[in-house]
Amino acid sequence: MRNAVVIKSSKAGMTVILDPELPFGELLDAIGKKFSESARFWGSVQMTLTLEGRDLTAAQEFAIVDTITKNSQIEVLCLLDTDAERIERCEKALNDKLMELNSQTGQFYRGTLKRGDCLESEASIVIIGNVDHGARVTAKGNVIVLGELKGTVTAGVSGNPQAVVMALDMAPLQIRIGDMSSRFNERNKRLGRGPMIALAEDGAIVMRSLKKSFLNNMLNFA
């Protein structure tokens, strides 16, 4: 009998491989049992999570995360996306927003925001530099950090849930988009390797990985 759920771990996080044919309700039961039985082994940890093996809706992804947290002491920091087409759509949408920003507002900030610094924008903003722990950025539109994000960012401050937050190195203390907020950790652990985008989806903030080619385009754009 094959395993319905297989767990692989690395320094970068955890990958859970799911049976592609098992009914979703039974799959959730299998996930709960697997993590309950191994809870002592994992202990209390914070990890990124990648789901592989089957196509999932956003609601199903959240159900899986909820099942894992209820049956263990694992805190899932973010879901890493492996869907190449979805990542490409995110990249195109974000690039379109950036081109619109460049033509309409041209709002850029060059330099590093340090602890205690606050930066506000009436539109979207591109920060060419780092946002250190203790720094705050607030914008009515998108916030793009061409550097390391360790501070607190609020995008879509006017209640716009379509706003996004992107960073070349994503390790935020807190991100807020519209009316939704996610707090991460004081240690500013990276949420994944390479550039990532945070966006509001089904009432929560989720993280998506962006391809390396997108990083090169962003650097050229800057």
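Please refer to the structure placed before this passage.
All figures in this text were calculated on a predicted structure; none of them were measured in a lab. Counting starts from 1 at the beginning of each chain's written sequence and moves along it residue by residue. Only residues with pLDDT of at least 70 get local features here, since the model is predicted, and only at 80 or more are side-chain atom pairs given and counted; chain-wide, interface and lining totals rely on the full set of residues. In computing side-chain properties, one takes all heavy atoms of the structure into account and sets aside hydrogens as well as water.

Caption draft 1: Structural context of the sheet that holds strand β5 (residues 108-110). Sheet architecture is open: six strands sit in the order β5-β7-β9-β11-β14-β15, paired in mixed fashion. Sheet topology places β5 and β15 (204-209) at the edges, where each strand pairs with a single neighbour. Adjacent strand axes in the sheet meet at a mean angle of 20°, parallel and antiparallel pairs treated alike. Any two strands between which DSSP finds at least two bridges are classified as paired. Strands are runs of DSSP state E lasting at least 2 residues, helices are runs of H or I lasting at least 4, and numbering of each runs from the N terminus. The convention used is that axes are lines fitted to C-alpha atoms, helices contributing only their stretch in contact, and that angles between N-to-C directions extend from 0 to 180 degrees.

Caption draft 2: Quick peek at helix α1 (residues 24-37). What a helix should span is 1.5 Å times the count of its residues minus one. The terminal C-alpha atoms of α1 lie 20 Å apart, and with 14 residues this matches the ideal 20 Å at 1.5 Å per residue to within 8%. Looking only at α1, the buried set comprises Phe-24, Leu-27, Leu-28, Ile-31, Gly-32 and Phe-35. Along α1, the residues classed as buried sweep out an arc of 140° about the axis, all on the same side. Every exposed residue of α1 that faces more than 90 degrees away from the buried side is listed here: Asp-29, Lys-33 and Glu-37. Residue burial is assigned from relative accessible area. The probe radius is 1.4 Å, only protein chains are included, and a residue is buried under 20% of its type maximum, exposed over 50%, and partly exposed in between. Relevant arc is that of directions from the helix axis to the C-beta atoms, nothing else.

Caption draft 3: How the structure looks around the environment of Met-47. The residue Met-47 is located in strand β3 (residues 45-52) in this model. Residue Met-47 is classed as buried on the basis of its relative accessible area, which comes to 13%. Between the C-alpha atom of Met-47 and that of Ser-9, which follows or precedes it by 38 residues, the distance is 9.5 Å. Note on contacts: a residue pair qualifies if any of its non-hydrogen atoms lie within 4.5 Å across the two residues. Not counting chain neighbours up to four residues away, the residues in contact with Met-47 comprise Gly-13, Met-14, Trp-42, Glu-75, Val-76, Leu-77 and Cys-78.

Caption draft 4: Broad picture of the environment of Gly-192. Residue position: Gly-192 is located in the loop between β13 (180-183) and β14 (196-201). Leave out the neighbours within four places in its chain, and Gly-192 touches Thr-48 and Leu-80.

Caption draft 5: Inspection of the pairing of β14 at higher detail. Bridging between strand β11 (residues 164-170) and β14 involves four bridges; their strand directions are antiparallel. Counterpart to Val-164 in the pairing with β14 is Leu-199. Across six bridges, β14 lies against β15 in antiparallel orientation. Bridge pairing in β15 links Glu-201 to Ala-204. Taking the residues that link successive antiparallel strands as the turn, the β14-β15 hairpin has two residues, and the phi of Asp-202 there is positive, at about 55°.

Caption draft 6: Summary view of the packing of aromatic side chains. We call Phe, Tyr and Trp rings a pair once their centres come within 6.5 Å, taking the six-membered ring for Trp, and we label the pair stacked below 30 degrees between planes, edge-to-face above 60, and tilted otherwise. What the rule picks out here adds up to one aromatic pair. Ring geometry for Phe-41 and Trp-42: centres 5.1 Å apart, planes at 80°, overall edge-to-face.

Caption draft 7: Structural detail: the sheet that holds strand β6 (residues 118-121). The mixed open sheet is built from five strands, whose spatial order is β6-β8-β10-β12-β13. Only two strands of the sheet have a single neighbouring strand rather than two, namely β6 and β13. Adjacent strand axes in the sheet meet at a mean angle of 5° when their direction is disregarded. As paired strands, strand β12 (residues 174-177) and β13 are joined by four bridges and run antiparallel to one another. Looking at β13, one finds that Ile-175 is bridged to Ser-182.

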